[in-house]
Amino acid sequence: MHCVTTSGIAKIIFGSGAKLIVEPRDKSEPKYHELKANGTNGPKVCLATDFSSHNATDGDPRFPKNNVEATRITGDNYFSKAVIMSTGDTCPITGMKQCKNDAGDGYEPDEKLNFLSLSVLCLRILFLKTIVFNVLMTIRVWMR
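As the structure is a prediction and not an experimental result, all values here were calculated from the model.

(A) Focus on the nonpolar core. The biggest cluster of nonpolar side chains holds 10 residues, and these are Tyr 32, Cys 46, Ala 48, Phe 51, Val 68, Ala 70, Phe 79, Val 83, Met 85 and Cys 91. If you list the elements that add at least two residues to this core, you get strand 4 (44-51) and strand 5 (79-85).

Spelled out as structure tokens, the structure:
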């Protein structure tokens, strides 16, 4: 509660306010995913995704109500929530299997993209050489 006085005569008291959460009508239960680091001793994260109710994970002890807030990306109808798990905790995996961080990042080289990148690099070098040449010629003219 906050109290404001105006000229010492009147007091205006403000409460804690109201929190408005707009949720869609369709109900969707959370899907849980367990994310692990590359090593076995790295932290594990339990990720709850695609749930429509803001408080859908409040009953789960892994997601403390006062500690982690559900988030929603602008334009998306579903919430997501993540929490770092303690040693020995498990995540109820639904939907997809456990996510693994493989060495391959899914990048496949493209010959056309490589050629365009090389062409842009060559043009930048040519532009730089032109600038240096113009500066040197300008300095030479000034020296006369």
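That was the structure; now back to the text.
(B) Local environment of the sheet that holds strand 3 (residues 31-36). The strand order across the open sheet built from three strands is 3-4-5, with neighbouring strands paired in antiparallel fashion. Every interior strand has two partners, whereas the edge strands, strand 3 and strand 5, have only one. In this sheet, neighbouring strand axes are inclined to one another by 20° on average, regardless of whether the strands run parallel or antiparallel. Bridge count between strand 3 and strand 4: six bridges; the pairing is antiparallel. By the bridge assignment, Glu 34 is partnered in strand 4 with Cys 46.

(C) Representation of the pairing of strand 5 within the structure. Going residue by residue along strand 5, you find Phe 79, Lys 81, Val 83 and Met 85 tucked away on one face and Ser 80, Ala 82 and Ile 84 left uncovered on the opposite face. Note: strand 4 against strand 5, six bridges, orientation antiparallel. Along strand 5, the bridge assignment pairs Val 45 with Ile 84.

Reading the values: the criteria
- Residues numbered from 1 in each chain as written.
- Predicted model: local features only at pLDDT ≥ 70, side-chain atom pairs only at ≥ 80, totals over all residues.
- Heavy atoms only, no water.
- Core = buried A, V, L, I, M, F, W, Y, C linked by side-chain atoms within 4.5 Å.
- Buried < 20%, exposed > 50% of the residue type's maximum accessible area, 1.4 Å probe, protein only.
- Helix = DSSP H or I, 4+ residues; strand = E, 2+ residues; numbered from the N terminus.
- Pairing = 2+ DSSP bridges.
- Axes fitted to C-alpha atoms, helices over the stretch in contact; angles between N-to-C directions.

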